[in-house]
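Examining the three-dimensional arrangement
Next come the chains, spelled out residue by residue.
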Amino acid sequence: EVSLPTVLLLLCVGCAVGKELKCVCEEDERIYRHGGRTGGRPSGPLGVRTDGKRERVLGKPDDAAQPADHGSPGVRGKKLRSSGWRVARKAHKIGVVGQLVGGRNNGLPAFTAVRSADLAAMDGNIVITFDRTTTNVAQDFDAPTGVFVCQVSGVYYFTFGMRKAEGTDTAVYLMHNGEPVAMAHSTGRAGTETLGQSAVIVLQAKDRVHTELRIGSALDGRRNEPAIVFSGFLIQRK
């Protein structure tokens, strides 16, 4: 037979043991996850109640993501092209080949003049004259005087090639309105020699271009070969 004091003592011990077991269960997440004595309560972070006891606090679901604002359109960039493309486009505009080949030059000035006879400048510089022209579009070059007179303003290309006489110190000038633009020169070495020169010149209407032999020079036109060939053509109108 158990006495009343003994029963009261056992009740107090049981209450104390129950409280300790509850605290252990609240601090061990595995008990909540695996459905321990708490009956499978959901796990969550520990919080503190107003009465000082800790309990699980269930987090709120995250808010739905809001779509990002798109910025205003940027400034449209410029399309870059290589320098090679610009050169090709410029060459297409100039159209030198199209002007001079196949009769599609549209009457733009172009000429080639040939002198086959010898020529020597003994008393001073002389203008080189020519025997004939193989090409003379627009008839702006006069072979007997050796002078090209510009009728169409623009950018022109001129070139000449010559054979100097043996053992002479020879020089030929390309002249624009009486001023030298380019020169081909050879010293008085033994044997003949072929020289050449060219230049690009901007011409206005009525400008004059010719070749000139310097004093003491001589051109060799023997062996049925030209002593000098002079050519020029319009590259681009102004």
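Described below are features of the structure shown in this document. No experiment lies behind these values; they were computed from the predicted model shown. Residue indices follow the written sequence of each chain, beginning from 1 at its first position. Only residues with pLDDT of at least 70 get local features here, since the model is predicted, and only at 80 or more are side-chain atom pairs given and counted; chain-wide, interface and lining totals rely on the full set of residues. Side-chain metrics in this entry use all non-hydrogen atoms of the structure; hydrogen atoms and water are not considered.

1. Focus on the overall build of the chain
Each helix is a run of H or I in the DSSP string that is no shorter than four residues. Each strand is a run of E no shorter than two, and both are numbered from the N terminus. If you tally the helices and strands in the chain, you get four helices and 15 strands. Burial status across the chain gives 31% buried among its 238 residues. Every residue pair with non-hydrogen atoms within 4.5 Å of one another is taken to be in contact. Taking contacts inside the chain between residues at least 6 apart in sequence as the whole, the part at least 24 apart equals 65%. Note on areas: Shrake-Rupley, 1.4 Å probe, and residue coverage restricted to the protein chains presented here. Taken as a whole, the chain presents about 15700 Å² of accessible surface, with 55% of it coming from carbon and sulfur. Working definition: with a 1.4 Å probe on protein chains only, accessible area under 20% of the residue-type maximum means buried, over 50% means exposed, and in between means partly exposed.

2. Description of the environment of His210
By secondary structure assignment, the location of His210 is in strand β13 (residues 208-213). Since its relative accessible area comes to 11%, His210 is described here as buried. For the pair His210 and Val149, spaced 61 residues apart in sequence, the C-alpha to C-alpha distance is 9.0 Å. Every residue in contact with His210, bar those within four places of it in the chain, is listed here: Val127, Gly146, Val147, Tyr173, Leu174, Met175 and Phe230.

3. Some remarks on the pattern of salt bridges
For salt bridges, the criterion is a side-chain nitrogen of Lys or Arg within 4 Å of an Asp or Glu carboxyl oxygen. If you walk through the whole model with that rule in mind, you get one salt bridge. Asp169 is paired through a salt bridge with Arg214; the nearest N and O atoms lie 3.9 Å apart. Remark: Arg214 occurs in the loop between β13 and β14 (218-219) and Asp169 occurs in the loop between β9 (154-164) and β10 (170-176); sequence separation between them is 45 residues. By relative accessible area, Asp169 is classed as partly exposed at 36%.

4. Some points on the packing of aromatic side chains
Planes of paired rings set the category: under 30 degrees apart is stacked, over 60 is edge-to-face and the rest tilted, where pairs are Phe, Tyr or Trp rings (Trp by its six-membered ring) whose centres lie within 6.5 Å. Across all of its chains, the model carries twelve aromatic pairs by this definition. Judged by centre distance (5.5 Å) and plane angle (40 degrees), the ring pair of Tyr157 and Phe233 falls under tilted. Taken together, the residues Tyr157 in strand β9 and Phe233 in strand β15 (residues 228-237) connect sequence positions 76 residues apart. One aromatic cluster in this structure is built from Phe111, Phe130, Phe141, Phe148, Tyr156, Phe158 and Phe230.

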